[in-house]
Amino acid sequence: MEYTNLNIRTSKETKAAAEKIFDELGINTSTAFNIFLKAVIRENGLPFDMRVVTPNAETIAAIEEGRRMARDPNAKSYATVEELRKALEL
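So, how was this worked out
Residues numbered from 1 in each chain as written. Predicted model: local features only at pLDDT ≥ 70, side-chain atom pairs only at ≥ 80, totals over all residues. Heavy atoms only, no water. Phe/Tyr/Trp six-rings, centres within 6.5 Å; stacked < 30°, edge-to-face > 60°. Helix = DSSP H or I, 4+ residues; strand = E, 2+ residues; numbered from the N terminus. Buried < 20%, exposed > 50% of the residue type's maximum accessible area, 1.4 Å probe, protein only. Salt bridge = Lys/Arg side-chain N within 4 Å of Asp/Glu carboxyl O. Expected span 1.5 Å × (residues − 1). Polar contact = N/O pair within 3.5 Å; in protein donor to acceptor, adjacent residues only side chain to side chain. Patch = residues over 30% accessible without salt bridge, like charges linked within 9 Å, V, L, I, M, F, W, Y side chains within 5 Å. Areas by Shrake-Rupley, 256 points an atom, 1.4 Å probe, with all protein chains shown as cover.

Things to note about the packing of aromatic side chains
Part 1: For the coordinates displayed, the defined rule picks out one aromatic pair.
Part 2: For the pair Phe36 and Phe48, a centre-to-centre distance of 6.5 Å together with 25° between the ring planes defines the contact as stacked. Note that Phe36 is positioned in helix H2 (residues 29–43) and Phe48 in the loop between H2 and helix H3 (57–71), a separation of twelve residues in sequence.
Part 3: Overall, Phe48 belongs to the partly exposed group, its relative accessible area being 46%.

This is how it looks when you write it as structure tokens:
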């Protein structure tokens with residue numbers, strides 16, 4: 001098998017923190033990256049989820065309602081948690 005070099009850039013802090021974990025696992029950085037690359041090949045993509053969490057329509061509506069209420073000077077407010085609890089017990 002022919003080998004090649006791979007150069008990456010990362011912060012010193014990130015490298016040191018990762019190397020500490022690799023050491024506890026009994027592997028070096030090169031082995032860890034080879035494991036990662038083989039997982040990428042096996043999964044035909046990144047071996048973990050990467051996504052932007054987008055709120056659904058109901059959550060977006062609730063956020064907007066909360067913002068409207070916060071801007072409304074006539075909205076009911078409570079001075080204490082106890083006041084709020086009493087109002088919720090109706």
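Having put the structure on the table, let's press on.
Some remarks on the pattern of salt bridges
Part 1: Throughout the structure, instances matching the rule amount to four salt bridges.
Part 2: Put simply, Arg51 and Asp49 hold a salt bridge, and the shortest N to O gap is 2.5 Å.
Part 3: What makes Arg51 exposed here is its relative accessible area of 63%.
Part 4: For Asp49, a relative accessible area of 61% gives the class exposed.
Part 5: Where Glu64 meets Arg67, a salt bridge forms, and the shortest distance between an N and an O atom there is 3.1 Å. With a gap of three residues between them, Glu64 and Arg67 both fall in helix H3, about one helical turn apart.
Part 6: With a relative accessible area of 31%, Glu64 lands in the partly exposed category.

Quick word on unusual backbone geometry
Part 1: For Asn44, which is not glycine, the phi torsion reads 55° and is therefore positive.
Part 2: When you line up the elements, Asn44 lands in the loop between H2 and H3.
Part 3: Residue classification places Asn44 among the exposed residues on the basis of a relative accessible area of 73%.

Some details on H3
Part 1: End to end, H3 covers 21 Å across 15 residues, agreeing with the expected 21 Å (1.5 Å per residue, within 8%).
Part 2: Backbone nitrogen of Glu58 and a side-chain oxygen of the N-cap are separated by 3.2 Å at the start of H3; the cap is Asn56.

Focus on a nonpolar patch on the surface
Part 1: A contiguous nonpolar patch, built from Leu6, Ile8 and Leu37 and spanning about 280 Å² of accessible area, is present on the exposed surface.
Part 2: In this fold, Ile8 is placed in the segment before helix H1 (12–25).

Everything listed here is a matter of geometry and, on its own, says nothing about what the molecule does.
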